[in-house]
Structure formats: C-alpha cells, structure tokens
Amino acid sequence: MPAKSLTQWGARDPGATLTTGRDLKKKDPERYQSIVKALKEGIGHDSLTRVFNTTRETLKAIESAEKVEASSQEQILQRLTRTRDLCVSKYHEAVEAGDVKGQTLPVAIGILTDKIVQISGQPSTVVEHRTISLTPKALNQLKDQCKPTQVIEAEVVDDSGSE
C-alpha cells in the first residue's frame, strides 16, 4: 500500500466523507439559504445539483439539517405545473413551425392540467343549481319565447303496413 494512501488504516477521518452542508453554510450562506428555499419550493434534486453545482447527498443532508418538509403533494403539484408549462411551450413551438404530429401533446397538456386541478383541490366540474320564482305571467312569457316563430308543415307517412 503506498504511503499516504487514503485507504491506509486510520489515515482518513470516517466523517470526512459524509456531506452535511455545514461547510457550504459557513463559506457561502447566501447560496445555502437559496438551496433551502428551493428545496422548500419542491424543486427537484436533479435541477438543484445543476444550478447550485452540488451533489444529491449534500442536498439530502441540507434537507435533513434544515428539517425541510415540503409536502410530497406540493412537490408533485409543482412538478406537474412545470411539466404542463413545458408541454404548452413545446406545443406552441411545434404549431409555429408546422410540426404538430399526432396530436399527442395536447392530450398530455389536458391530463397534466386535470391532475393539477385535482391535487390543488379545485373542482374539475362545477354543477350549479338555481332556484327561481316565477309568477304565472312571467312563466307564460317564457313559454311564448320558446314557441317557434315559423311553423313547418310536415306529413307523417305510416310505412309499417306496406311490407
């Protein structure tokens, strides 16, 4: 085994490989707080590793240390919204370029929008019941408005006995 090898017994602090985010918090508190805020907003780890040039392990450690508890439903809702918005953007570009193929993207947009509405607790269908009070005179006026303005003459021919 070479001298000063990292694998040499006792040559390395076992805790040195653990990523806790403490160094980041000390060296760059603004970046650390931005990561915490992004985690609370439910932005995915893959996106955050690219934006903040960090590892998934660091992100998980920061989540744990800061007790970030973005609800999974909230994270799903934000991901669905971002995905739907991306689909709408791509569909718009395809329409402008004349490349709309198979009409699959509008279906995806519809499904994503429906799921967003469901998860956010909004009604997907609104049923409205109205009660109105009409006087006999008002009812007769409504019936008169429904009468056809032009009468069509027609003749009914019984075809069943001719066979």
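Residues numbered from 1 in each chain as written. Predicted model: local features only at pLDDT ≥ 70, side-chain atom pairs only at ≥ 80, totals over all residues. Heavy atoms only, no water.

Participant: What should I look at first to understand the pattern of salt bridges in this one?
Facilitator: Pairs may arise between side chains of opposite charge once their charged atoms sit close together. As enumerated under the stated definition, the model contains three salt bridges in all. Notably, a salt bridge pairs K25 with E66, separated by 3.5 Å at the nearest N-O pair. Of this pair, K25 sits in helix α1 (residues 22–27) while E66 sits in the loop between α4 (56–65) and α5 (72–97), and the two are 41 residues apart along the sequence. The exposure class of K25 is partly exposed, given its relative accessible area of 41%. Residue E66 is classed as partly exposed on the basis of its relative accessible area, which comes to 27%. Linking E128 and R130 is a salt bridge whose minimum nitrogen-to-oxygen distance equals 2.8 Å. (Salt bridge = Lys/Arg side-chain N within 4 Å of Asp/Glu carboxyl O. Helix = DSSP H or I, 4+ residues; strand = E, 2+ residues; numbered from the N terminus. Buried < 20%, exposed > 50% of the residue type's maximum accessible area, 1.4 Å probe, protein only.)

Participant: Sorry, what's going on with unusual backbone geometry here?
Facilitator: Most peptide bonds adopt trans geometry, and most residues besides glycine take a negative phi value. Although it is not a glycine, N53 adopts a positive phi angle of roughly 50 degrees. Here N53 lies in the loop between α3 (45–52) and α4.

Participant: I would appreciate a short explanation of the nonpolar core in the present structure.
Facilitator: Grouped burial of nonpolar side chains is what soluble globular proteins tend to show. By size, the foremost hydrophobic cluster in this structure holds eleven residues: L24, Y32, I35, V36, A38, L39, L48, F52, L59, I62 and V68. Breaking this core down by element, the ones donating at least two residues are α2 (29–40), α3 and α4. Element by element, the count of residues in this core is highest for α2, at five residues. With sequence-adjacent residues up to four places away left out, V36 is seen in contact with I62, E66 and V68. L80, C87, I109 and I116 belong to the second-largest nonpolar core, a separate cluster that totals five residues. (Core = buried A, V, L, I, M, F, W, Y, C linked by side-chain atoms within 4.5 Å. Contact = heavy atoms within 4.5 Å.)

Participant: How should I be thinking about the environment of A38 in this particular structure?
Facilitator: Along the polypeptide, A38 turns up in helix α2. Residue classification places A38 among the buried positions, given a relative accessible area of 9%. With residues near it in sequence (within four places) discarded, A38 still touches I43, L48 and F52.

Participant: Can you walk me through the side chain of R84 in this structure?
Facilitator: Following the sequence through the fold, R84 ends up in helix α5. If we skip the residues at most four places from it in the chain, R84 touches I109, L112, T113 and I116.

Participant: Is there a simple way to explain the packing of α2 against α4 in this structure?
Facilitator: In a packed pair of helices, the relevant descriptors are the angle between the two axes and the axis-to-axis distance. Running from N to C, α2 and α4 cross one another at 80 degrees; their axes reach a closest spacing of 10 Å. As the angle between them shows, α2 and α4 are arranged roughly perpendicular. Contacts between α2 and α4 involve Y32, I35, V36 and L39 from the former and L59, I62, E63 and A65 from the latter. Looking at the contact of α2 with α4 residue by residue, the class counts come to seven nonpolar, no polar and one charged. (Axes fitted to C-alpha atoms, helices over the stretch in contact; angles between N-to-C directions. Parallel < 35°, antiparallel > 145°, perpendicular 65-115°, else oblique. Nonpolar A, V, L, I, M, F, W, Y, C, P; charged D, E, K, R; others polar.)

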